[in-house]
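Letter by letter, the chains look like this.
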Amino acid sequence: MKVLTIVTHPRQDSLTFTVANRMMEGLRDAGHEVDILDLYRSDFDPVLKEVDEPEWGVDQQQFSVRVHQEMDRLKQYDGLAFVFPLWWWSMPALLKGYIDRVWNYSFAYGPGKLPHQHVLWLSLAGAPVERFTKRKYDQMITHYFNVALADYCGIETSRFELLYETIKEKPVYMEQWLQKAYELGLSYGESS
């Protein structure tokens with residue numbers, strides 16, 4: 001399977017990139033073909049402007065050249081993996097803007113659906129698991145990524161995984177995070 005990994009973090013030397021690289025290693029070891037899109041270094045503008053606002057009355061949409069380029073890129077892959085920090089209980093604004101512009105009407109939802117079989121959402125959170133379970137943020141976030149995004153856009157298999165307490169890198173945690181990332185790559189596309 002061809003898998004595009006979309007990484008969103010301002011620093012290439014971040015734990016997010018370390019985790020993404022380990023996950024991609026697992027993908028390769030499982031026999032997948034892997035590419036990476038580094039959103040911060042792609043010069044992608046996350047602001048949805050008028051040219052990329054859908055015309056709701058027509059099925060065939062015309063968007064900006066850049067959005068059509070990104071749509072064409074996505075069509076080349078069977079699966080997607082997103083690796084990003086969890087900020088304010090959600091994805092970074094750059095990633096949200098990418099989805100707003102590229103997962104657009106008639107391509108990702110409405111008369112058209114995304115062509116991908118699988119998507120993995122791998123996020124890194126600074127907070128401990130207790131902070132998520134206390135208010136059921138973990139359930140809400142999982143539902144958002146797996147159902148509100150992936151299922152709505154036609155992706156059959158979606159898996160959201162969260163690594164907790166990632167602000168201060170502790171050696172014992174680091175080993176667990178990297179092993180988990182590798183295993184997620186190795187088992188990519190399997191039912192969770």
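Source: prediction; values computed, not measured.

Asker: Could you give an account of the packing of helix α1 (residues 15–29) against helix α6 (residues 171–186), naming the residues involved and the relevant values?
Answerer: The N-to-C vectors of α1 and α6 enclose an angle of 40 degrees; their axes lie 6 Å apart at closest approach. For the element pair α1 / α6, the angle class is oblique. Like other packed secondary-structure pairs, α1 and α6 cross with a definite hand, here right-handed. Of the residues in α6, those touching α1 at Leu-15, Thr-18, Val-19, Arg-22, Met-23, Glu-25, Gly-26, Leu-27 and Asp-29 are Met-174, Trp-177, Leu-178, Gln-179, Ala-181, Tyr-182, Gly-185 and Leu-186. For the contact of α1 with α6, the residue count by class is ten nonpolar, four polar and three charged.

Asker: So, α6: which residues are in play, and what are the values?
Answerer: Compared with the 22 Å implied by 1.5 Å per residue over 16 residues, the 23 Å span of α6 between its first and last C-alpha is a close match. Among all positions in α6, only Met-174, Trp-177, Leu-178, Ala-181, Tyr-182, Leu-184 and Gly-185 are buried. All buried residues of α6 lie within an arc of 160 degrees about the axis, which places them on one face of the element. α6 presents Val-172 and Glu-175 as exposed residues on the side facing more than 90 degrees away from its buried surface.

Asker: Which residues make up the side chain of Asn-146, and what values go with them?
Answerer: With respect to the helices, strands and loops of the structure, Asn-146 is situated in helix α5 (residues 137–151). Contact partners of Asn-146, with chain neighbours within four places excluded, come to Trp-121, Asp-151, Ser-158, Arg-159 and Phe-160.

Asker: Got a sec to walk through the side chain of Ser-64? Specific residues and values, please.
Answerer: By the element assignment, Ser-64 lies in the loop between β2 (33–38) and α2 (65–75). Given the relative accessible area of 14%, Ser-64 is considered buried.

Asker: Which residues make up unusual backbone geometry, and what values go with them?
Answerer: In this model, Trp-89 sits at a positive phi of 65 degrees, which is unusual for a non-glycine residue. Among the secondary structure elements, Trp-89 is positioned in the loop between β3 (79–85) and α3 (93–102). At Ser-106, a position not held by glycine, the phi torsion is positive, near 80 degrees.

Asker: Lay out the environment of Ala-20 with the relevant residues and their values.
Answerer: As for its placement among the helices and strands, Ala-20 is situated in helix α1. Between the C-alpha atoms of Ala-20 and Glu-161, which are 141 residues apart in sequence, the distance is 13 Å. Excluding anything up to four places from it in sequence, Ala-20 contacts Val-7 and Val-83.

Asker: Mind laying out the layout of surface pockets, listing which residues take part and the relevant values?
Answerer: For the largest pocket, the calculated volume is near 270 Å³. Looking at the largest pocket, it is lined by 15 residues, and the ones nearest its centre are His-9, Leu-15, Thr-16, Thr-166 and Ile-167. Residues belonging to the lining of the largest pocket are distributed by class as follows: seven nonpolar, five polar and three charged. Every residue lining the second largest pocket is counted, 16 residues in all, and those nearest its centre are Ile-99, Asp-100, Trp-103, Tyr-109 and Leu-149. For the lining of the second largest pocket, the secondary-structure elements that each account for two or more residues are α3 and α5. Split by residue class, the lining of the second largest pocket holds eleven nonpolar, one polar and four charged.

Asker: I'd love a proper account of the pattern of salt bridges, names of residues and values included.
Answerer: Applying the stated rule across the entire model yields eleven salt bridges. When the shortest N-O distance is used, the salt bridge between Lys-75 and Asp-72 registers 3.7 Å. Of the two residues, Lys-75 and Asp-72 both sit in helix α2, three residues apart, roughly one turn of that helix. Here Lys-180 and Glu-161 are joined by a salt bridge, their closest N and O atoms 3.5 Å apart. With Lys-180 in helix α6 and Glu-161 in strand β5 (residues 157–163), this pair connects stretches of sequence that are 19 residues apart. A relative accessible area of 15% places Glu-161 in the buried class.

Asker: Describe the sheet that holds strand β4 (residues 118–124), listing the residues and the values that go with them.
Answerer: Pairing in this open sheet of five strands is parallel, and the strands run β2-β1-β3-β4-β5 from one edge to the other. Pairing within the sheet leaves two strands with one partner each, and these edge strands are β2 and β5. The average angle at which neighbouring strand axes cross in this sheet is 15 degrees, direction not considered. Inspection of the sheet shows strand β1 (residues 2–7) paired to β2 by six bridges, in the parallel sense. Paired with Val-3 across the two strands is Val-34, which belongs to β2. Packed on one face of the sheet, α2 meets β1, β2 and β3 and runs near 135 degrees to β1.

The rules behind these values
Residues numbered from 1 in each chain as written. Predicted model: local features only at pLDDT ≥ 70, side-chain atom pairs only at ≥ 80, totals over all residues. Heavy atoms only, no water. Axes fitted to C-alpha atoms, helices over the stretch in contact; angles between N-to-C directions. Helix = DSSP H or I, 4+ residues; strand = E, 2+ residues; numbered from the N terminus. Parallel < 35°, antiparallel > 145°, perpendicular 65-115°, else oblique. Left-handed = near helix turned anticlockwise from the far one by under 90°. Contact = heavy atoms within 4.5 Å. Nonpolar A, V, L, I, M, F, W, Y, C, P; charged D, E, K, R; others polar. Expected span 1.5 Å × (residues − 1). Buried < 20%, exposed > 50% of the residue type's maximum accessible area, 1.4 Å probe, protein only. Arc of directions from axis to C-beta. 1 Å grid on protein atoms, 1.4 Å probe; cavity = no way out; pocket = protein on both sides within 12 Å on 5 of 7 lines; lining within 4 Å. Points joined across faces, edges and corners; volume = space filled by probe spheres on them. Salt bridge = Lys/Arg side-chain N within 4 Å of Asp/Glu carboxyl O. Pairing = 2+ DSSP bridges.

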